[in-house]
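Chain and residue survey
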Amino acid sequence: MSSEVVIHLRNLKIQQQKNLILDDVNLQVKKGEFIYLVGKTGSGKSSLLRTLYRDIKLNDGEGTIVGFDIHKIKTRKIPHLRRKLGIVFQDFQLLTDRSIEDNLLFVMKATGWKDKKKMKAQAKKMLEMVHLETKGYKMPHEISGGEQQRACIARALVNDPEVIIADEPTGNLDPETSENILKLLLEISQKGKAVLIATHDLNLMDKYPSRTLKCEGGKLTESDNNEMVATSS
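Figured I'd write up the structure that's included with this text. This structure is a prediction, so every number in the text was calculated from the model and none was measured.

Conventions and cut-offs
Residues numbered from 1 in each chain as written. Predicted model: local features only at pLDDT ≥ 70, side-chain atom pairs only at ≥ 80, totals over all residues. Heavy atoms only, no water. Helix = DSSP H or I, 4+ residues; strand = E, 2+ residues; numbered from the N terminus. Rg over C-alpha atoms; globule rule 2.2 N^0.38 Å. Contact = heavy atoms within 4.5 Å. Areas by Shrake-Rupley, 256 points an atom, 1.4 Å probe, with all protein chains shown as cover. Lys, Arg positive; Asp, Glu negative; His and termini not counted. Charge placed at Lys NZ, Arg CZ, Asp CG, Glu CD. Buried < 20%, exposed > 50% of the residue type's maximum accessible area, 1.4 Å probe, protein only. Pairing = 2+ DSSP bridges. Right-handed = clockwise from strand over helix to strand, strands pointing away. Expected span 1.5 Å × (residues − 1). Salt bridge = Lys/Arg side-chain N within 4 Å of Asp/Glu carboxyl O.

Attention shifts here to the overall build of the protein. Helix and strand counts for the protein come out as eight helices and ten strands. Relative to the globule expectation of 17 Å for 233 residues, the C-alpha radius of gyration of the protein, 17 Å, shows essentially globular dimensions. Referenced to the eigenvectors of the C-alpha coordinate spread, the extents of the protein come out at roughly 45 × 45 × 35 Å. Residue pairs in contact within the protein that sit at least 24 positions apart in sequence constitute 69% of those at least 6 positions apart. For the protein, the accessible surface area stands at approximately 11,900 Å², while carbon and sulfur atoms represent 47% of it. Across the protein, 37 positive and 31 negative side-chain charges occur, with their mean positions spaced 8 Å apart.

Structural data, given as structure tokens:
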């Protein structure tokens, strides 16, 4: 694993409106790390992730992500930050009126790609990476939930991001499909990308232990993976 730090947070206060969600958040994430983010519903997991891609404005503390200062970043620069991040949601958020390949091409066009030949080649490469090389022509409703989530991961990878942020990516999937998605994200981290995954799936965490962060009582703490699974079973 590289020693290069891609996320550095110091003394962050994460707020929505005037409500304090998480206080005194300190975190370093290195290139190639695979990190679980756990905590009860409402504990601040999604708020932390949304702060990383600047969907929530940062008012207090210091935060650097893939070279961007998320405290001082200007609104017009936020799309540049997001190009270096791959974001995977629980509810897929695929565009239902176009094919899987066209979903990827849409994101590429929106983030500044111009050369259609290069765009097609990159979309093909990403679909191959997530084992959907034969499904690019299909519409989202024509493929399974697991395949839709794989398509979302392919979409998240099109700009070769340094960090993947996954918010409950297995939340709507059956156990076998969930495991396949997790294994895919692990493979991606082993290729040098940092992966931060919010999850409730303690069975998968037990099977594939890794660094674990916990949101609880307004704080973000390092948590022992094995201890968490034992106390929850």
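For the rest of this paragraph, the subject is unusual backbone geometry. The backbone of His-131 shows a phi angle near 60°, a positive value even though the residue is not glycine. For His-131, the location among the structural elements is in the loop between α4 (116-129) and α5 (145-157). Positive phi, normally seen in glycine, also occurs at Asp-160, with a value near 50°. Structurally, Asp-160 can be placed in the loop between α5 and β7 (163-167).

Among the secondary structure elements, Gln-122 is positioned in helix α4. Given a relative accessible area of 14%, Gln-122 falls into the buried group. With residues up to four places along the chain from it excluded, the contact list for Gln-122 reads Met-108, Trp-113, Leu-157 and Val-158.

Our next topic: the pairing of β7. Among the five residues in β7, five count as buried, and that is most of the element. The sheet contact formed by strand β6 (residues 85-88) and β7 spans four bridges and is parallel. By the bridge assignment for β7, Ile-87 is matched with Ile-165. As for the winding sense of the linkage, the β-α-β connection from β7 through helix α6 (residues 175-190) to strand β8 (residues 194-198) is right-handed.

Looking now at α5. Taking 1.5 Å of rise per residue, the 13 residues of α5 would be expected to cover 18 Å, and the 19 Å separating its terminal C-alpha atoms lies within 8% of that figure. With eleven of 13 residues buried, α5 lies mostly within the body of the structure. Taken together, the buried positions of α5 are occupied by Gly-146, Gln-148, Gln-149, Arg-150, Ala-151, Cys-152, Ile-153, Ala-154, Arg-155, Ala-156 and Leu-157. Here the buried face of α5 lies against β6, α3 (100-110), α4, β7 and α6.

On to the pattern of salt bridges, then. Under the criterion given, the structure shown has 15 salt bridges. Here Lys-13 makes a salt bridge to Asp-23, at a shortest N to O gap of 3.4 Å. In this pair, Lys-13 is assigned in strand β1 (residues 5-16) and Asp-23 in strand β2 (residues 19-30), connecting sequence segments ten residues apart. Several salt bridges converge on common partners, so that one network encompasses Lys-13, Asp-23 and Lys-219.

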